[in-house]
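Summary of the model geometry
Listed below, chain by chain, are the residues.
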Amino acid sequence: MVWDDLHITIPSFFRCPISLDVMKSPVSLCTGVTYDRTSIQRWLDNGNNTCPLTMQVLRSKEFVPNHNLQRLIKIWSDSVQHHSSHRVDSATNSVPSQDEIKCIVKDIETKKEPDRCCFDSLSKILCFAEESVENREFLAKLDGFLPMLVDFLGDNKSVDFIEQVIRVLELILIKIGVNKQLMTLLLKNKNVDCLSSLLLVLQQGRSVHSRIGSVRILESIATDTESNLLIAEKDGLLSELLKSIGLETDPSLIEASLSCLIAISKSRRVKVKLVHLKSIPKLKSILTAEPNKGASNSITEKALKLLETVSSCKEGRVEMCSDAACIEAVVQKVFKVSVEATEHAVTILWSVCYLFRDGKAREAVANSNGLTKILLLMQSNCSPAVRQMSTDLLKIFKVNSKSCLSSYDTKTTHIMPF
């Protein structure tokens with residue numbers, strides 16, 4: 001059933017993060033994220049061992065039926081069908097067949113410029129793609145279809161039309177994960193200004209799903225240093241991505257934007273540009289948000305990862321060290337979120353305190369009880385890399401039992417590295 005075509009507002013938590021369809025049989029992974037059983041089973045059967053939304057490595061591939069959510073979806077679905085039975089039946093009957101799709105694609109290819117007719121045809125293709133994974137696989141293998149979509153991402157197209165193209169592209173290329181090599185052509189096709197189209201949807205897109213799709217497509221084409229720089233140097237694109245991580249935006253868009261920024265910020269030039277665009281204050285806002293406006297664990301992990309990335313350049317460390325509240329916010333996330341978040345936080349502290357040897361940063365760590373957390377971390381089952389960084393931090397602070405540890409439980413002094 002294609003709810004979007006009925007102009008029905010679907011609660012975001014009813015959608016499967018993989019298929020974006022209303023879940024028929026919701027199940028929850030050990031990460032706490034819920035997916036439709038068919039979609040997540042296919043993901044796991046393909047050999048993946050991570051949570052698709054958070055990219056956390058799964059401790060267990062078992063999933064638990066989410067009966068409460070299934071009941072809520074059933075109540076909502078029954079209510080919608082009761083009030084819109086005629087429209088639902090019409091939408092169900094309007095899903096094209098594979099043969100009809102072939103004819104629609106051939107018809108579109110004969111038109112030099114997309115018009116209203118092409119827009120309606122593309123809507124039918126989107127309806128077909130949203131119906132099932134099998135349909136998306138059919139489109140991915142259809143001769144000439146993907147190059148045609150790429151050509152549509154050119155100049156002088158309406159935002160509505162580009163949104164349709166992006167939604168189809170995301171469903172086929174991101175959700176299925178096939179033909180990703182074609183996405184790199186989006187940056188090398190001289191006849192198509194792909195980045196301008198993606199930026200236009202980020203700025204003016206009416207649907208949050210199409211904006212998320214734009215971000216995910218950007219991330220998928222950020223495959224090497226050349227593509228990262230092309231994306232980062234597109235006027236206004238980095239600024240728009242940073243705007244998308246504001247806490248007032250949709251959480252799924254925040255997370256997608258953070259993942260994209262992490263992917264494109266491998267080179268020093270991009271890191272410096274992110275610093276100049278005031279990315280650090282935005283990331284601090286995520287870490288210091290009030291509990292009722294706080295970010296999810298996966299968003300916090302990604303915010304810390306991006307902060308770790310920009311702290312690896314001198315400009316980033318200087319910016320961070322000039323704001324004690326930012327350092328204190330990083331310290332507060334040690335132990336409080338996840339193992340991954342703790343590792344990112346310790347790496348940041350090691351960078352600014354040990355590598356950069358900034359006095360203000362060390363003072364901020366000491367004032368926020370950071371030394372105690374570092375000592376506790378060394379007693380935990382942390383990774384060798386984190387243990388070594390913790391040792392380095394303790395050395396730089398010149399910690400000993402006669403100084404700042406005088407008020408700390410002496411049972412921990414056996415871990416002192418010197």
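Residues numbered from 1 in each chain as written. Predicted model: local features only at pLDDT ≥ 70, side-chain atom pairs only at ≥ 80, totals over all residues. Heavy atoms only, no water.

An unreviewed UniProt entry lists the chain under the name U-box domain-containing protein, from Manihot esculenta. UniProt lists a comment for the chain under the heading Function (unreviewed entry), and it reads "Functions as an E3 ubiquitin ligase." Quoted verbatim from the Pathway (unreviewed entry) field of the UniProt record, the comment on the chain reads "Protein modification; protein ubiquitination." (UniProt positions renumbered as here; feature names shortened; annotations may be inferred.)

1. Considering the nonpolar core
Core analysis: the largest hydrophobic core is formed by 106 residues, its most contacted members being I125, F145, L218 and L307. For L218, the contacting residues outside a window of four places in its chain are L195, L198, L202, I231, L237, L241 and C260. Grouped together as the second largest cluster of nonpolar side chains are 18 residues, V22, L29, I40 and C51 included. (Core = buried A, V, L, I, M, F, W, Y, C linked by side-chain atoms within 4.5 Å. Buried < 20%, exposed > 50% of the residue type's maximum accessible area, 1.4 Å probe, protein only. Contact = heavy atoms within 4.5 Å.)

2. Let's talk about the side chain of S121
If you trace the backbone, S121 turns up in helix α5 (residues 116-131). Residues contacting S121, with those up to four places away along its chain left out, are I104 and I108. (Helix = DSSP H or I, 4+ residues; strand = E, 2+ residues; numbered from the N terminus.)

3. Examining the packing of helix α10 (residues 194-204) against helix α11 (residues 208-221)
It is the contact of α10 with α11, at a shortest axis distance of 8 Å, that shows an interaxial angle of 145 degrees. In the packing of α10 onto α11, the handedness of the crossing is left-handed. For the pair α10 and α11, the contacting residues are L195, L198, V201 and L202 in the first and S210, R211, S214, V215, I217, L218 and I221 in the second. The residue inventory of the contact of α10 with α11, partitioned by class, reads 8 nonpolar, 2 polar and 1 charged. (Axes fitted to C-alpha atoms, helices over the stretch in contact; angles between N-to-C directions. Left-handed = near helix turned anticlockwise from the far one by under 90°. Nonpolar A, V, L, I, M, F, W, Y, C, P; charged D, E, K, R; others polar.)

4. Notes on the confidence of the model for the chain
Overall, the prediction assigns the chain a mean pLDDT of 80, with 81% of residues at 70 or greater. When mean pLDDT is taken per element in the chain, helix α13 (residues 237-243) scores highest with 94 and helix α3 (residues 85-93) scores lowest with 44. Note on residues 1-7: pLDDT under 50 across the span, and 23 contacts to partners over four residues away in sequence or across chains. Note on residues 85-93: pLDDT is under 50 here. Beyond four places in sequence and across chains, it has 6 contacts. (pLDDT = per-residue confidence, 0-100.)

5. Quick look at helix α20 (residues 339-355)
Under the 1.5 Å per step criterion, the end-to-end length of α20 is 23 Å for 17 residues, consistent within 8% with the ideal 24 Å. Among the 17 residues in α20, 12 count as buried, and that is most of the element. The complete set of buried residues in α20 reads A341, T342, H344, A345, V346, T347, I348, L349, W350, S351, V352 and C353. One or two steps after α20, the chain reaches R357, where phi turns positive at roughly 55 degrees. (Expected span 1.5 Å × (residues − 1).)

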